[in-house]
Amino acid sequence: MPRPLDVVWSDPEDERRGKPLIVLLHGYGSSPERILAAAGGLPSEFTLAAPRGPLDVGGDHGWFLLDFFLASDFAEVVATTTAVQAWVATVRANHPSVALLGFSQGMALASTLVRLTPHAFAAVVGLSGYVLENELLALTENLPEPPAFFWGRDVEDPVINADAVASTSAWLDEHTRLTARTYPGMGHRIGRREISDVAVFLRRYLLGPRV
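Bear in mind that the values here come from a model prediction, so they are computed numbers and not experimental data.

Visitor: Which residues make up the overall build of the protein, and what values do they have?
Guide: Check the secondary structure of the protein and you find 6 helices and 9 strands. Whereas a compact globule of 211 residues would reach a radius of gyration of roughly 17 Å, the protein reaches 16 Å, a difference of no more than 12%. In terms of principal-axis extent, the alpha carbons of the protein reach across some 40 × 40 × 35 Å. Looking at the protein as a whole, 52% of its 211 residues qualify as buried. As presented, the protein carries roughly 10200 Å² of accessible surface, and 54% of it is formed by carbon and sulfur atoms. Counting 17 positive and 24 negative side-chain charges, the protein places the averaged centre of each group 9 Å from the other.

Below, the structure written as structure tokens:
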């Protein structure tokens with residue numbers, strides 16, 4: 001049985017109920033605190049929660065081991081995905097909807113979560129990351145309705161290799177209602193202009209049109 005996840009929140013407990021929940025999934029070798037700081041420009045209408053990846057990466061954290069080509073062990077991916085699903089289930093009742101925002105390896109985890117449980121999430125945001133290529137995952141994914149998906153990146157991101165970008169683009173085009181944006185000069189990070197665009201996207205899919 002996986003250990004309970006350590007989660008860092010944007011709001012104190014008595015201010016979370018009734019707000020849409022955005023689950024922030026940090027990158028490899030990072031932390032909840034860093035992704036919370038990077039996502040600080042998101043509107044206060046949302047509650048942000050950042051679980052800590054269970055893998056120790058030199059004092060920082062990750063979700064699963066990966067090699068130079070961004071490949072990973074499927075059993076480890078499933079175990080981590082299951083742990084995040086189980087935690088979301090414990091807090092879901094407090095929120096009208098749940099969305100995912102993953103950066104780098106966190107995007108790989110976010111897209112895996114929605115592939116396995118598509119009705120569990122109102123929208124998905126992937127930033128400077130990729131979608132896992134895995135035959136078993138492709139066989140088990142069940143996406144009866146394309147999820148709303150925001151993909152933001154710098155086309156010259158030095159971390160995500162060209163093959164991963166190409167396969168990610170193909171999968172997103174085929175399986176999601178994709179909003180894709182690029183940010184020249186941003187590099188492998190989360191940019192301020194990008195977060196502003198993410199806020200518009202999340203407001204649309206979690207709060208609906210304003211009248």
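Visitor: I'd love a proper account of the pairing of strand β8 (residues 148–153), names of residues and values included.
Guide: Among the 6 residues of β8, 6 are classified as buried, and the element is accordingly described as predominantly covered. Neither face of β8 is open: one carries A148, F150 and G152, the other F149, W151 and R153, and all of them are buried. Both strand β7 (residues 124–127) and β8 contribute to a ladder of 4 bridges, which runs parallel. Its bridge partner being in β8, V124 is matched across the sheet by F149. Across 6 bridges, the pairing between β8 and strand β9 (residues 177–182) is parallel. When the bridges of β9 are listed, F149 appears paired with L178. With helix α5 (residues 162–175) bridging β8 and the parallel β9, this β-α-β connection has right-handed handedness.

Visitor: Describe the sheet that holds β7, naming the residues involved and giving the relevant values.
Guide: Here we have 7 strands laid out as an open sheet, ordered β1-β3-β2-β6-β7-β8-β9, and mixed in their pairing. The outermost strands of the open sheet, each flanked by one partner alone, are β1 (7–9) and β9. Adjacent strand axes in the sheet meet at a mean angle of 20 degrees when their direction is disregarded. Contacts between helix α3 (residues 105–116) and the sheet are confined to β2 (21–25), β6 (98–103), β7 and β8, with β6 contributing the most and set at about 145 degrees to the helix.

Cut-offs applied
Sequence order sets the numbering: in each chain, residues are counted from 1 along the sequence as written. Confidence filtering applies because this is a predicted model: local features only for residues at pLDDT of at least 70, side-chain atom pairs given and counted only at 80 or more, and all residues used for totals across whole chains, interfaces and linings. Excluded from the side-chain calculations are hydrogens and water; all other atoms, namely the structure's heavy atoms, are used. Helix and strand definitions here come from DSSP, where helices need a minimum of 4 consecutive H or I residues and strands a minimum of 2 consecutive E residues; each element is numbered from the N-terminal end. For the radius of gyration, the atom set is restricted to C-alpha positions; the globular benchmark scales as 2.2 Å times the number of residues to the power 0.38. Burial here depends on accessible area, computed with a 1.4 Å probe over protein chains only, as a share of the maximum for the residue type. Under 20% is buried, over 50% is exposed, and the range in between is partly exposed. We get accessible surface area from the Shrake-Rupley algorithm with a probe of 1.4 Å; when it comes to residues, only the shown protein chains can shield them. The convention is simple: Lys and Arg are positive, Asp and Glu are negative, and His and the chain ends are not counted. Every charge is mapped to an atom, namely NZ of Lys, CZ of Arg, CG of Asp or CD of Glu. When DSSP finds two or more bridges between two strands, those strands count as paired. Here is how to tell: hold the view so the strands point away, follow the path from the first strand over the helix to the second, and if it runs clockwise the crossover is right-handed. Think of each axis as a best-fit line through the C-alpha atoms, taken over the contacting stretch in the case of a helix, with angles from 0 to 180 degrees between the N-to-C directions. Contact definition: two residues touch when any of their heavy atoms are within 4.5 Å.

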